[in-house]
Amino acid sequence: MNGSIGYGLVLGGLAFATFGALVGLVTGLRRSEAGFPWVMRAVWGFAGCMVAANLVMVYALITHDFSVKYVAQVGSRDTPLLYTVVSLWSALEGSILFWGLIMGAYIAAFAWMHRREHARYMQLALGTMLAVGVFFAFLIAGPANPWGAVSPVPADGPGPNPLLQNHILMVIHPPFLYLGYVGMTVPFGVAVAGLLRGEIGEAWMAPLRRWTLVAWLFLSIGIILGAWWAYAVLGWGGYWAWDPVENASFLPWLTATAFMHSTMVQERKRMLKLWTLSLALASFVLTILGTFMTRSGIFNSVHSFTQSDIGPTFLVFLGVLLVVCVGLLAVRGPLLVPEGRLSSLASREASILLNNLVFVAITFTVLLGTLYPLVSEAVRGVRVSVGEPYFNKMAVPGGIAVLFLMGVGPVLPWGTPDKATLRRQFLIPAAVGLLVTAICFAVGLRGVYPLLTFGLAGFVTVVTLRELASPIRVRMTERKEGLLTAVLTSATKAQRRFGGYVVHLGIVMLIVAVSASSSYVKHTSGTLKKGQTMMLDGYQLKYQGLMSGEEPHRTFVAARVEVTTPGGKVEEMKPRLNYYERSTDPIGTPAVRETAGEDLYISLMAFSEQAGNASFNVWVFPLVGWIWWCIPLFVLGTLIALWPRRRAAVAMASSEVGASPLPGGDAERGAA
């Protein structure tokens, strides 16, 4: 019964998405608003069907309805309730179903928030988003159908992948990543609508920028939580290995970050319109590529799903997307004529353009290194390996260049600079950067790249804090603009600027943590008998013996290790190996002693009760915790930038100058 209801709901979602996509795109291209109410009804229908289908699957998982194929694949009566629910996204078919839920929620949220604005744009945008919904609903109904019947019905199932129930981070990491991935559908729809109409004004750039920022935040959190999960669960003493699936999430993050900087130039100087929309399209295409890489089984990765039949379907969709995007940019792109020009290389717009080029260069390098092994195998029949040295060769200098531009950009003015003012603006931040570098060298830190990173971090931090403390600048852009309008517009831009600089502080924190934890990590390994010790960087580790235990879904063996810190404090740490009934290999849980300055990380590799010994890997990671603790800065800065103030500003300004129509008539009326 659950299988029939769930499958029927998916078919209903497919029908609503198909109807809404056709009506939205056809009437939008005809510039008729008659179909808009029907598109809205299709949005509610699609979202409702996707939500209901997911609820039915969750109910089937909780009630252990093993007649449903997906429940038989991942369900188990021994699995705790929490992991039973989150097993919804623990395997391929369930993750696509969950993807449909998030997509329906995003499209419905966008439709609701902008239901009274730009009807012709909305029809095209919603029609495009629903067209993407057609593809994913088709996947759920066809190649990735989780609702198939199982006969005979098993008494129990294998449970979700042990890796996915070994740490609480797997409860929150995938949803955040999916929210980032799926969220790129909204700016994609807006960008396609702008290209189809051949125009993109500020009133329509605002939602494009805002929804990209929402998706960017979720994607950022998802990537960092994934690194934290790899660090806390896998026990290999790292958090980022340039794994193909890691790269798949990093690629759209790079282009989305470049996009958000490019919108600043588009807004202030009326330049880079086509480039900005290209980045929005590329971000979505890269999420689809990443989804294909994760779910087709072409890559062997701890992050990826098993071999599946959806790979060819995804390839076809990816090909269609590329044709549509390139075609739109080629045919409609020339209509987006830039209204401004680059007045000086020593200007803020020039630094942002250079920033964009660095991001795109890193994107291309990562994409090439990720896909080259597949291309080589397909063409020559030889599978090559592209490892960490290749990626670091470009990513490390690229990251330093981004850090440098984060400091230089805010110092430079829009337009032609005054050289004397520019020198004064650079003087104190540059002096602080040099001082930080000298201090790091004096305390014994070595290495060109890390010292350069720390010095630039000091430079950028001073610039950022100074910008955060600077007052709101009122900018009278037009003579007809009243004082109240100017104040409110400047306040809104200052709010976005303030939020952006808070995020910049988080980025600085992240880059410093990555540089320190990778450049100055200490490591040792060894096998200890009970009572023996090993030393690492001032820490003394004494093996005290084994202990075992049992939990509802697993058993474990832990090693008791007495740790004496460099300061003389004695603590006990318990790295462990977890055993799951339906898994032949144990899953480790390292023991981590976290401080603001460094982590002591102990991983139990093996043990012998007969011999009375245990083998350990031990690391000391400087500043590694800063990677995860930059998340609050990302969230705070994004919320400040997104806080709804624009509508109030426009309403108050209209009351002062009169509610005259914006250029373009009803299609451009109101501000987002």
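Residues numbered from 1 in each chain as written. Predicted model: local features only at pLDDT ≥ 70, side-chain atom pairs only at ≥ 80, totals over all residues. Heavy atoms only, no water.

J.: Mind showing me how you'd approach the sheet that holds strand β1 (residues 522–529) here?
T.: To summarise the sheet geometry, strands pair through backbone hydrogen bonds and adopt either a parallel or an antiparallel arrangement. The four strands lie next to each other as β1-β10-β9-β8, forming an open sheet whose pairing is antiparallel. Edge positions in the open sheet fall to β1 and β8 (591–594), since each of these has one partner strand only. Between one strand axis and the next, the sheet turns through 15 degrees on average, direction left out of account. The sheet contact formed by strand β9 (residues 598–608) and strand β10 (residues 613–622) spans 10 bridges and is antiparallel. (Pairing = 2+ DSSP bridges. Helix = DSSP H or I, 4+ residues; strand = E, 2+ residues; numbered from the N terminus. Axes fitted to C-alpha atoms, helices over the stretch in contact; angles between N-to-C directions.)

J.: How should helix α19 (residues 631–642) be read in this particular structure?
T.: Given 3.6 residues to a turn, an α-helix orients residues that are three or four positions apart in the same direction. An ideal rise of 1.5 Å per residue puts 16 Å on 12 residues; α19 measures up with 16 Å between its terminal C-alpha atoms. Those residues of α19 that sit buried are Ile631, Phe634, Gly637, Thr638 and Ala641. Within α19, the buried residues cover an arc of 135 degrees as seen down the axis, which keeps them to one side. (Expected span 1.5 Å × (residues − 1). Buried < 20%, exposed > 50% of the residue type's maximum accessible area, 1.4 Å probe, protein only. Arc of directions from axis to C-beta.)

J.: Help me understand the confidence of the model for the protein chain in this model?
T.: Low-pLDDT stretches of the model should not have their predicted coordinates read in fine detail. Overall, the predicted model of the protein chain reaches an average pLDDT of 85, with 89% of residues at or above 70. Taken element by element, the predicted model of the protein chain shows its lowest mean pLDDT in helix α20 (residues 646–657) (42) and its highest in helix α2 (residues 36–62) (96). Every residue in residues 474–481 is under pLDDT 50, and counting partners more than four places away or in other chains gives 14 contacts. Confidence over residues 648–672 falls short of pLDDT 50; this stretch has 43 contacts with residues more than four positions distant or in other chains. (pLDDT = per-residue confidence, 0-100. Contact = heavy atoms within 4.5 Å.)

J.: How should I be thinking about the nonpolar core in this particular structure?
T.: For soluble globular proteins, nonpolar side chains are generally found buried alongside one another. Within the largest apolar cluster, 172 residues are counted, with the highest numbers of intra-cluster contacts made by Phe110, Leu126 and Phe136. Here this core gets 21 residues from one element, more than from any other, and that element is helix α9 (residues 202–233). Grouped together as the second largest cluster of nonpolar side chains are 19 residues, Met534, Leu541, Ala591 and Ala614 included. (Core = buried A, V, L, I, M, F, W, Y, C linked by side-chain atoms within 4.5 Å.)

J.: Even after reading the chapter, I still don't get the pairing of strand β6 (residues 576–579), so can you show me in this structure?
T.: On any regular strand, side chains alternate: one points to one face of the sheet, the next to the other face. Of the pairings in the sheet, the one linking strand β4 (residues 554–564) to β6 comprises four bridges and is antiparallel in character. The residue bridging Ala558 from the neighbouring strand is Arg576, located in β6. Here three bridges tie β6 to strand β7 (residues 587–589), and the two strands are oriented antiparallel to one another. Pairing of Arg576 across the sheet is with Thr589, part of β7.

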